Amino acid sequence: FWPDVDPETARRNLHQAIYVVRKALRAACDPNQLILFADEAYAVNTSAGMWCDADEFEACARAGRRAERELREEHAIAAYESAERSYGGEFLEDSPYEDWTIAERDRLRLVYLDVANRLAELKLAKGDVEAALDLSRRALLRDSSDEAAHRCALRCHGAAGNRSLVIRQYEACVNALDRAYGLGPTRETTELYAALLGS
């Protein structure tokens, strides 16, 4: 956390930070039960009933994928819905420039996109076009170049018979991919677009 200071100063800073955390937790519970110190290291006592939204999000995402593999569609939908609800936004979004958060933030965003896209596809397969489109739009707010979300949105507009929105969605996809990567859509996306316009 403090790469520019000597080890002794970093150790004092850490002890002070833990003191502040324990003081903040004192009103709710015994902070010594939540933050443990052993072998010269601090750790969160996960058996003390603490809850972490990122852990809950990932557990629900895993449960959804497992249920989907086992062809338990309703269970998959319920798990993905729980995961989607528990994704509160970017990981530690109050610290967007801390180097140590970047990889975890990106990893969790990719898990979210997978959850949103899988859930959207399941909703669309059940005929819930509005819910599928809403999920695709939420995924695109997180990553405007997510091609899977664009394809689902294309299918939603096609299912609704809205040719002009199919065209606009495809153009948005083309522009987002060009801005992000200097590339065009994959064959899967272009063939879907052609099929939707041909129908």
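Quick caveat, the model's predicted, so the values are computed rather than measured.

Peer 1: Help me get a handle on the packing of helix H8 (residues 163–181) against helix H9 (residues 187–198), residues and values and all.
Peer 2: Closest axis-to-axis distance for the H8/H9 pair is 10 Å, and the angle between their directions is 165°. By the angle between their directions, the pair H8 and H9 is classed as roughly antiparallel. Crossing geometry of H8 relative to H9 is assigned as left-handed. From H8, Arg-163, Val-166, Ile-167, Tyr-170 and Cys-173 reach across to H9, where they touch Thr-189, Thr-190, Tyr-193, Leu-196 and Leu-197.

Peer 1: Before we move on, can you summarise the nonpolar core with the specific residues and values?
Peer 2: Core analysis: the largest hydrophobic core is formed by 29 residues, its most contacted members being Phe-57 and Val-115. Those elements that provide at least two residues to this core are helix H3 (53–69), helix H4 (73–86), helix H5 (99–125), helix H6 (129–142) and helix H7 (147–159). At 10 residues, H5 tops the list of elements feeding residues into this core. In this structure, Phe-57 is in contact with Ala-83, Ser-86, Tyr-87, Leu-108, Val-111, Tyr-112 and Val-115, ignoring residues within four places of it in sequence. Residues Leu-154, Val-166, Tyr-193 and Leu-196 belong to the second largest nonpolar core, which totals six residues.

Peer 1: An account of the pattern of salt bridges is requested, with residue identities and associated values reported.
Peer 2: All told, the structure shown has 17 salt bridges when counted by the stated rule. For Arg-65, the salt bridge goes to Asp-114, with nearest N and O atoms at 3.5 Å. Residue Arg-65 is located in helix H3, and its partner Asp-114 is located in helix H5; the two are separated by 49 residues in the primary sequence. Overall, Arg-65 belongs to the partly exposed group, its relative accessible area being 23%. Ionic contacts of the salt-bridge type, sharing partners, join the residues Arg-65, Glu-68, Asp-114 and Arg-118 into one network.

Peer 1: Outline H9, listing residues and values.
Peer 2: Under the 1.5 Å per step criterion, the end-to-end length of H9 is 16 Å for 12 residues, consistent within 8% with the ideal 16 Å. The complete set of buried residues in H9 reads Thr-189, Leu-192, Tyr-193 and Leu-196. Along the axis of H9, the buried positions cluster into a sector of 100°, meaning they face one direction only. Away from the buried face of H9 by more than 90 degrees, exposed residues Arg-187 and Gly-198 are located.

The rules behind these values
Residues numbered from 1 in each chain as written. Predicted model: local features only at pLDDT ≥ 70, side-chain atom pairs only at ≥ 80, totals over all residues. Heavy atoms only, no water. Axes fitted to C-alpha atoms, helices over the stretch in contact; angles between N-to-C directions. Helix = DSSP H or I, 4+ residues; strand = E, 2+ residues; numbered from the N terminus. Parallel < 35°, antiparallel > 145°, perpendicular 65-115°, else oblique. Left-handed = near helix turned anticlockwise from the far one by under 90°. Contact = heavy atoms within 4.5 Å. Core = buried A, V, L, I, M, F, W, Y, C linked by side-chain atoms within 4.5 Å. Buried < 20%, exposed > 50% of the residue type's maximum accessible area, 1.4 Å probe, protein only. Salt bridge = Lys/Arg side-chain N within 4 Å of Asp/Glu carboxyl O. Expected span 1.5 Å × (residues − 1). Arc of directions from axis to C-beta.

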